[in-house]
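A closer look at the structure
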Amino acid sequence: MFEYVDSPLTWTNFGDNPELLRLVYDADPALIFVKDRQGRFVFANKALADIYGTTVEDLLGKTDADFNPSMAEIEHFLTDDLYVMDRREELFIAEESVTDDSGNIVWLQTIKRPIIDACDVCNHVLGVSFDITARKQAELRERELQLRLARSQRMESLGVMAGGIAHDLNNILGPLVAYPELIRSKIGGDPAAGQLLTDMAQATSRAAAVIQDLLTLARRGSYDLRP
């Protein structure tokens, strides 16, 4: 048992009460763990066990590979753990993913520190991970909105450009639409010339249809081109 000294916030024998320490660790929403060089958990709290859909008791003595289907994540974790133990340096990981027991991706921000024993040997790593999934999802949504806005702006620019091209082509095409009938009235009934004029009229009609498409793109509507 523990007792108060002077103040309710001052504990005696705190470190000698593993049950109390376990309550503190398991109440922390951060993922707290200690691993050895083989990647086995020698300590873990409830938040970490919940990610893998198991209990703290079942987690101890096992590795990520016993719960995580992603080999890439497992190799990444072990590589970072060995880096910290070999170099005896703290490692800050801004973001990394872990696959939970339902196959969903959870994003974490992790700090790993070496644990050096009394014999100056480092065979364990302490890790504390914070769930940043909500923030990551918000960033992805914002990025998607930015991409949509950029696409919309590009389409608007294309529309303006298409409208300018369409008007220029329309000015060029205008006389060509009237010329076939004017020429036909001048040359009389020459069949060969008449066929050429017919082909010319059909070509200008197709060109007018292309201009119509450009204007539709530019104005996002349907318009009837008239002299």
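Conventions and cut-offs
Residues numbered from 1 in each chain as written. Predicted model: local features only at pLDDT ≥ 70, side-chain atom pairs only at ≥ 80, totals over all residues. Heavy atoms only, no water. Patch = residues over 30% accessible without salt bridge, like charges linked within 9 Å, V, L, I, M, F, W, Y side chains within 5 Å. Areas by Shrake-Rupley, 256 points an atom, 1.4 Å probe, with all protein chains shown as cover. Salt bridge = Lys/Arg side-chain N within 4 Å of Asp/Glu carboxyl O. Helix = DSSP H or I, 4+ residues; strand = E, 2+ residues; numbered from the N terminus. Buried < 20%, exposed > 50% of the residue type's maximum accessible area, 1.4 Å probe, protein only. Lys, Arg positive; Asp, Glu negative; His and termini not counted. Polar contact = N/O pair within 3.5 Å; in protein donor to acceptor, adjacent residues only side chain to side chain. Contact = heavy atoms within 4.5 Å.

1. Section: a nonpolar patch on the surface
- Taken together, the side chains of Met155, Leu158, Met161, Ile165, Leu169 and Ile172 make up a nonpolar region of the molecular surface, amounting to roughly 540 Å² of accessible area.
- Examined against the element boundaries, isoleucine 172 turns out to sit in helix H5 (residues 133-187).
- The class for isoleucine 172 is exposed, based on a relative accessible area of 57%.

2. Looking at the side chain of aspartate 80
- For aspartate 80, the location among the structural elements is in helix H4 (residues 71-87).
- For the buried residue aspartate 80, which engages in no salt bridge, the nearest side chain bearing the opposite charge is lysine 112, 4.7 Å off.

3. Overview of the side chain of lysine 112
- By the secondary structure assignment, lysine 112 is in strand S6 (residues 105-116).
- Side chain to side chain, lysine 112 and aspartate 81 meet in a polar contact 2.6 Å long.
- Each residue touching lysine 112, except ones within four places of it in the same chain, is listed here: Phe33, Phe77, Asp80, Asp81, Val84, Glu89, Glu90, Leu91, Ile93, Val125, Leu126 and Gly127.

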